[in-house]
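Single-letter residue listing:
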Amino acid sequence: MSTTELEANFAEMRKFSLPGEGVTRIAFSDEDWQARAFIIDLMKQEKLAVRVDGFGNIIGRREGLNAAAPAVVCGSHIDSVPNGGNFDGVLGVLGAIEAVKLMNKNGFKNYNPLEIVVFMCEESSRFGVATLGSKAICGGLGINAMKQLKDAEGISLYEILRARGLDPENMKNTLVLNKIKACLEMHIEQGKVLESMKKSVGIVTGIAAPTRLKLKLTGKADHSGATPMHLRNDALCAAAEIILEVERTAAASVQPVVGTVGIVRAFPNVMNVIPGQVELGIDIRSIYTEAKDTAVSHIKKYIENTAKKRNIKTKLELLTDEKPVKLDKSVINIIEDSCRKKNIECHLMPSGAGHDTMHLAQFAPAGMIFVPCRDGISHNPAEWTEMAYIEQGIEILYASLCRLSEPED
């Protein structure tokens, strides 16, 4: 593979961003559409037949010797969080295209068709819900839900889809779920495990899943100087108690659970007014379903008790409740065998972050390849992974895709 060309592609992707630190390429934005055009061009350069489904997922198909055989699916996403990095998601897309380039260069003839996918709107930055493109492919996102999900400006997902010329009610051009042989995704680890172990490749055994809650707390906005402490209904103080309890609950779980309050909006948000209303975004994750459910149940009860104690009204909305996913042992074995043959040290590990693969894994054998990222930093301008790790990851991706797209014995 050409390191220079690969570096140039990453550098080009970095340009499709709002000004400022890191990469800000929010789903359905102009920056996103510019990046999509670049990726589509790269796909066409490698002779992939490109189509776009009704939700905006991009699919580039390399036909197989048996066009009717189930497809091997590979890809990731290119949208980012605000002020994010240039490798999250992008690595899996550029890596998959690079694997196809190697197939073309080496004259590899895949028996099964290969479909490279750019999943639309993987990040939750815009609508508070992640992996929307893969959910739409897998039938987990109906039209009513699209109309209810709204961004910070109050524009619904459905309206934005239509404004971009997409037709979410017509998904005939998408992946055919009962015709997928296997799916594979390469991604940066977004953690410190591989770096600390000095391993070049991680092989994912399972994917943690989030439960996300939107909480609205309503107290009473009063003058900060004229209202005695015992007569206050401070929504932000109630929120502070809940935020800390989310942290305590996750830390106290016997099986690993992580809890985050990543959104805090206080109203009217001025110095001399007691906050009368607060909105919180709560994210609870685990690879253990029972532990996650227990934590969520406790937090809900704590919210109820705190509201009663402080005379605060609440409105709790369940945004998403995903189930942790185990990845396929046969795909894991193929990736592990590819590492062994290439003399690349690997480590079997869970993924604490969610990925599009977790939805496709319900329909076909699935696997994921991780490469290390410096200091485990992701969703941050400092996100970085060395080109040497990227190239090794692509070697394993290429070898694994070749194996997966060969005829079965």
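Residues numbered from 1 in each chain as written. Predicted model: local features only at pLDDT ≥ 70, side-chain atom pairs only at ≥ 80, totals over all residues. Heavy atoms only, no water.

> So, the packing of helix 2 (residues 30-45) against helix 3 (residues 90-106): which residues are in play, and what are the values?
At a closest axis distance of 10 Å, the pairing of helix 2 and helix 3 adopts a crossing angle of 15°. Classified by the angle between their axes, helix 2 and helix 3 sit roughly parallel to one another. Crossing of helix 2 over helix 3 shows left-handed handedness. For the pair helix 2 and helix 3, contact is made by Ile39, Leu42 and Met43 and by Val93, Leu94 and Ile97, respectively. Across the contact of helix 2 with helix 3, the residue classes break down as six nonpolar, no polar and no charged. (Axes fitted to C-alpha atoms, helices over the stretch in contact; angles between N-to-C directions. Helix = DSSP H or I, 4+ residues; strand = E, 2+ residues; numbered from the N terminus. Parallel < 35°, antiparallel > 145°, perpendicular 65-115°, else oblique. Left-handed = near helix turned anticlockwise from the far one by under 90°. Contact = heavy atoms within 4.5 Å. Nonpolar A, V, L, I, M, F, W, Y, C, P; charged D, E, K, R; others polar.)

> I'd like to hear about the packing of aromatic side chains, residue by residue, with values.
All told, the structure shown has six aromatic pairs when counted by the stated rule. Ring centres of phenylalanine 16 and phenylalanine 38 lie 5.9 Å apart, and the angle between their planes is 45°; on these two criteria the pair is classed as tilted. Taken together, the positions of phenylalanine 16 in the loop between helix 1 (3-15) and helix 2 and phenylalanine 38 in helix 2 put the pair 22 residues apart, joining distant regions of the chain. Between phenylalanine 87 and tryptophan 384, the ring centres sit 5.3 Å apart and the planes meet at 85°, which makes this aromatic pair edge-to-face. Of the two residues, phenylalanine 87 is situated in the loop between strand 3 (71-77) and helix 3 and tryptophan 384 in the loop between strand 13 (366-371) and helix 12 (387-404); the sequence distance between them amounts to 297 residues. What makes phenylalanine 87 buried here is its relative accessible area of 5%. Residue class for tryptophan 384 comes out partly exposed when judged on its relative accessible area of 36%. Linked through ring pairs, Phe28, Trp33, Phe55 and Phe127 together constitute an aromatic cluster. Cation over ring: lysine 147 sits above tyrosine 158, and NZ or CZ is 4.9 Å from the ring centre. The positively charged end of arginine 164 is found above the aromatic ring belonging to tryptophan 33, 4.6 Å away from the centroid. (Phe/Tyr/Trp six-rings, centres within 6.5 Å; stacked < 30°, edge-to-face > 60°. Buried < 20%, exposed > 50% of the residue type's maximum accessible area, 1.4 Å probe, protein only. Lys NZ or Arg CZ within 6 Å of the ring centre and 35° of its normal.)

> Outline the sheet that holds strand 9 (residues 277-286), listing residues and values.
Spatially, the four strands line up as an open sheet ordered 8-9-7-10, and their pairing is antiparallel. Strand pairing shows two members of the sheet lacking a second neighbour, strand 8 (258-267) and strand 10 (313-321), which therefore form its edges. Strand-to-strand twist of the sheet, defined as the mean angle between neighbouring strand axes without regard to direction, takes the value 15°. Relative to strand 9, strand 7 (residues 209-218) runs antiparallel, the two being bridged by ten bridges. Among the inter-strand pairings, leucine 217 is bridged to a residue of strand 9, identified as valine 278. (Pairing = 2+ DSSP bridges.)

> Go over the nonpolar core, please, and point to the residues and values.
Counting 77 residues, the largest nonpolar core has Phe10, Met13, Ile39, Ile116 and Leu401 as its most contacted members. Here this core gets ten residues from one element, more than from any other, and that element is helix 3. When near neighbours in sequence (up to four residues on either side) are disregarded, phenylalanine 10 contacts Asn86, Phe87, Val90, Leu91, Leu94, Met387 and Ile390. With 24 residues, the next largest nonpolar core counts Leu213, Val278, Leu280 and Ala295 among its residues. (Core = buried A, V, L, I, M, F, W, Y, C linked by side-chain atoms within 4.5 Å.)

> How would you explain the pattern of salt bridges if you had to name every residue and give the values?
Within this structure, the stated rule accounts for 21 salt bridges. Across the pair lysine 101 and glutamate 98 runs a salt bridge whose closest N-O atoms are separated by 3.8 Å. Of this pair, lysine 101 and glutamate 98 both sit in helix 3, three residues apart, which is roughly one turn of that helix. Its relative accessible area of 3% is what places glutamate 98 among the buried residues. Taking the shortest distance from any N to any O, the salt bridge between aspartate 337 and arginine 403 comes out at 2.9 Å. Of this pair, aspartate 337 sits in helix 10 (residues 329-341) while arginine 403 sits in helix 12, and the two are 66 residues apart along the sequence. (Salt bridge = Lys/Arg side-chain N within 4 Å of Asp/Glu carboxyl O.)

Geometry only, nothing functional implied.
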